[in-house]
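Okay, here's what each chain looks like letter by letter:
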Amino acid sequence: MHRHLVLIGTGGTIAATANAAQQLTDYTVTQGIAAMLAAVPGAHELADIHCEQLFNIDSRAMGSAQVLRLARRIEQHLKSGAVDGIVVTHGTDTLEETAFLLHLTLQCQVPVVLVGAMRPGSALSADGPLNLYNALLVACDPASQARGVLVAMNDTIVSARAALKLSTTQVQAFGVDGTGVLGSITDRVVRYWARPDVPANPLCSLKGLRRLPAVDLILDYQDAPLHPYQAAIAAGASGIVVAGMGNGSLSSAAERGCRLATRHGLVCIRASRVPRGAVTLKSSDHDTGLLAAGALNALQARTVLRLALAQHWGTEQIRETLQRL
Ligand code: ASP
């Protein structure tokens, strides 16, 4: 059966070039999505591929306005019933944030696959063309269905629920911190060994969502100061996620800062700066009004809080949702 894919370009290193083949960093986004696809031998034998250039930016410039626009565009394609899969090229720096928001808000009847690259297209051993080919292969494969939003990088398929950038420059930058590797792509064969827990329903509707409220992420550490909390309140943030110590323990400045912020109507979450493990509930949370991030890392907790605040959820609904995800 001939398949129909949509390939959405948003930019990133996969769309970038540098001045010399040996130059692996310090590059600029120059390539359009159609040119990138044209440079991938055999892509058109996989499927009819319709290219769309939504943005062409470094992913550090992606904000909620862009991510929500991308999410709505993907949702339109999913609802049309006319596509067999969707591939999105994206910079790797914030790819996990975009992927997690898509994971929470889309009901993927067909595969949705995010892909990037660590080396610009002009580099010796550029990883973009093979990553893109493999992502198209994953999107075409019926075995990719019902696995939620996927990230395909460096021969590995990862769930958007668990995807993390783990290296600043290496080609195997993208992975997971624990569970979440779902399969692999080797020599044109896609293999799966795991199926993620995909939300039965989107966390919220994308309808009318154009931007998400400001939620500041504050790192906690020894001798941490109070002023980041005061600044968040003064800047009009709607919430704060603290990347706390250990199991979401807070320094006295963070505790005071959160108390102050809660009094000003901000919702505060205790997450952790530690890469592994959940942040558990504390009996004192009820008195302090703090929420625990549960199994989410600080960035993921921030995304959930922004979506929740955009829907005007109450604190108890947010608390319950954080424990469930
Ligand atoms: N700076 C790039 C970005 O757009 C990094 C990358 O794509 O690997 O996120």
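Each remark here, short or long, concerns the structure printed above.
Right, let's walk through the structure included here.

## Details of the overall build of the protein chain
Link 1 in the chain: Along its length, the protein chain carries 10 helices and 16 strands.
Link 2 in the chain: For 325 residues, the compact-globule estimate of 2.2 N^0.38 gives 20 Å, and the C-alpha radius of gyration of the protein chain, at 20 Å, lies within 12% of that figure.
Link 3 in the chain: On the principal axes, the C-alpha backbone points of the protein chain span a range of 60 × 45 × 35 Å.
Link 4 in the chain: In the protein chain, buried positions account for 53% of the 325 residues.

## Some words on the site of the ligand
Link 1 in the chain: Around the ligand, a shell composed of Gly-12, Thr-13, Asp-58, Ser-59, Gly-91, Thr-92, Asp-93 and Ala-117 is seen.
Link 2 in the chain: Here Asp-93 contributes a backbone N or O atom positioned 2.9 Å from an oxygen atom of the ligand.
Link 3 in the chain: Within the contact set of the ligand, an oxygen atom lies 3.0 Å away from a backbone nitrogen or oxygen of Ala-117.
Link 4 in the chain: A majority-of-atoms criterion places the ligand in the second largest pocket.
Link 5 in the chain: Class assignment for the residues of the shell around the ligand results in one nonpolar, five polar and two charged.

## A look at the layout of surface pockets
Link 1 in the chain: Within this model, the largest pocket holds a volume of roughly 900 Å³.
Link 2 in the chain: What lines the largest pocket is a set of 41 residues, and nearest its centre among them are Arg-161, Ala-162, Ala-295, Leu-296 and Gln-300.
Link 3 in the chain: Only α4 (95-105), β15 (267-272) and α9 (298-310) provide two or more residues apiece to the lining of the largest pocket.
Link 4 in the chain: The residue inventory of the lining of the largest pocket, partitioned by class, reads 23 nonpolar, 11 polar and seven charged.
Link 5 in the chain: Volume-wise, the second largest pocket comes out at about 230 Å³.
Link 6 in the chain: Taken together, 16 residues make up the lining of the second largest pocket; nearest its centre are Thr-13, Tyr-27, Asp-93, Met-118 and Lys-165.
Link 7 in the chain: Here the lining of the second largest pocket is composed, by residue class, of four nonpolar, eight polar and four charged.

Here is what the cut-offs are and how they apply
Residues numbered from 1 in each chain as written. Predicted model: local features only at pLDDT ≥ 70, side-chain atom pairs only at ≥ 80, totals over all residues. Heavy atoms only, no water. Helix = DSSP H or I, 4+ residues; strand = E, 2+ residues; numbered from the N terminus. Rg over C-alpha atoms; globule rule 2.2 N^0.38 Å. Buried < 20%, exposed > 50% of the residue type's maximum accessible area, 1.4 Å probe, protein only. Near = heavy atom within 4 Å. Polar contact = N/O pair within 3.5 Å; in protein donor to acceptor, adjacent residues only side chain to side chain. 1 Å grid on protein atoms, 1.4 Å probe; cavity = no way out; pocket = protein on both sides within 12 Å on 5 of 7 lines; lining within 4 Å. Sits in = over half its atoms within 2 Å of the grid points. Nonpolar A, V, L, I, M, F, W, Y, C, P; charged D, E, K, R; others polar. Points joined across faces, edges and corners; volume = space filled by probe spheres on them.

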